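These are the residues of each chain, in order.
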Amino acid sequence: KSMMAELKKDEKLVSSLKNEMADKVRSFAEKIGILQSDRDNIVRERDVLKKKYNELKDLASVLHASNFRLMALHEKHNGKERETRKARKTDDLRISFDIDENRIAEDGTKSLYLSIKDPDGKLLSNASASGVVSTSNGSPLNYTIMKQIPLKQDEPVKDVTVDWKQDDDFKKGVYSIAIYNGGYKIGGGDVTLN
């Protein structure tokens, strides 16, 4: 009898331990489920923050142009150039500017897109130099000429010069120049020809 009582007591203990283990397994499974859900939420938040960081980095990497100098040039027969304000004497437009230092932009060759519009607001273009790129909001931007410059992080690029010659004569009036980088307008100016 005492052995049977011991056996029943042991069976109750084993059953109790099984129930306790089952409760602990369920509890651990719930905790693992919560931890997995938390991990998934953290991964999503990380990806959102990473995307925002990359967008801000791209925006901060956009260059800035300053110190614009716009000139209409007349080329003399001896090859020397002289500044002019007369449309009929203008052989080309010279656009000069500086690119300010940028602490975010990585070293390398950067593309600048110049849009030059005549007094009627028509884009000056030719088949060999002109084209289309996208602005920051995805809309197309027709450009007159592209200029590539070497850039070192945290160093300015001084005296970037772009010359625009065209087959047609220049008209009298105001010519507008805008410079773009990374889909953003980074500077511009006007020159008036009489």
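First, a word on what this report is: a plain description of the structure on this page.

About the criteria used
- Residues numbered from 1 in each chain as written.
- Predicted model: local features only at pLDDT ≥ 70, side-chain atom pairs only at ≥ 80, totals over all residues.
- Heavy atoms only, no water.
- Helix = DSSP H or I, 4+ residues; strand = E, 2+ residues; numbered from the N terminus.
- Buried < 20%, exposed > 50% of the residue type's maximum accessible area, 1.4 Å probe, protein only.
- Contact = heavy atoms within 4.5 Å.
- Lys, Arg positive; Asp, Glu negative; His and termini not counted.
- Charge placed at Lys NZ, Arg CZ, Asp CG, Glu CD.
- Pairing = 2+ DSSP bridges.
- Axes fitted to C-alpha atoms, helices over the stretch in contact; angles between N-to-C directions.
- Phe/Tyr/Trp six-rings, centres within 6.5 Å; stacked < 30°, edge-to-face > 60°.

1. Let's talk about the overall build of the protein chain
- The secondary structure content of the protein chain amounts to one helix and ten strands.
- In the protein chain, the succession of helices and strands from N to C terminus is α-β-β-β-β-β-β-β-β-β-β.
- In terms of overall dimensions, the protein chain has a C-alpha envelope of 130 × 30 × 25 Å along the principal axes.
- Within the span of the protein chain, comprising 194 residues, buried residues form 28% of the whole.
- Counting only contacts in the protein chain whose residues sit at least 6 apart along the sequence, the fraction spanning at least 24 positions is 64%.
- For the protein chain, the distance from the average site of its 35 positive side-chain charges to the average site of its 32 negative ones is 2 Å.

2. Describing the environment of serine 136
- Topologically, serine 136 is positioned in the loop between β5 (131-134) and β6 (140-143).
- Serine 136 gets classed as partly exposed once you look at its relative accessible area, which sits at 43%.
- Distance in space between the C-alpha atoms of serine 136 and glycine 183 is 4.3 Å, their sequence separation being 47 residues.

3. A short note on the sheet that holds strand β10 (residues 184-193)
- With antiparallel pairing, four strands are arranged side by side in an open sheet as β7-β4-β9-β10. Either end of the sheet is taken by a strand with one partner, and the two such strands are β7 (145-151) and β10. Averaged over all adjacent pairs, the angle separating strand axes in this sheet is 25°, with direction ignored.
- With five bridges connecting them, strand β4 (residues 108-117) and strand β9 (residues 173-181) associate as antiparallel partners. Pairing of leucine 114 across the sheet is with isoleucine 179, part of β9.

4. Remarks on the packing of aromatic side chains
- On inspection of all chains with the given rule, the structure shows three aromatic pairs.
- Ring geometry for phenylalanine 68 and phenylalanine 97: centres 5.8 Å apart, planes at 35°, overall tilted. Of this pair, phenylalanine 68 sits in strand β1 (residues 65-75) while phenylalanine 97 sits in strand β3 (residues 92-99), and the two are 29 residues apart along the sequence.
- Exposure remark for phenylalanine 68: the relative accessible area of 26% places this residue in the partly exposed category.
- Take phenylalanine 97: its relative accessible area is 0%, and that puts it in the buried class.

5. Describing the environment of proline 150
- With respect to the helices, strands and loops of the structure, proline 150 is situated in strand β7.
- Sequence separation of proline 150 and arginine 69 is 81 residues, and the distance between their C-alpha atoms is 20 Å.
- Those residues in contact with proline 150 that lie beyond four places of it in its chain are Gly108, Thr109 and Val157.

6. So, the side chain of threonine 144
- Mapped onto the fold, threonine 144 is located in the loop between β6 and β7.
- On the basis of relative accessibility, which here comes to 0%, the residue threonine 144 falls in the buried class.
- Apart from the residues within four sequence positions on either side, threonine 144 is in contact with Leu114, Ser115, Ile116, Leu123, Leu124, Ser125, Ala129, Ser130 and Trp164.

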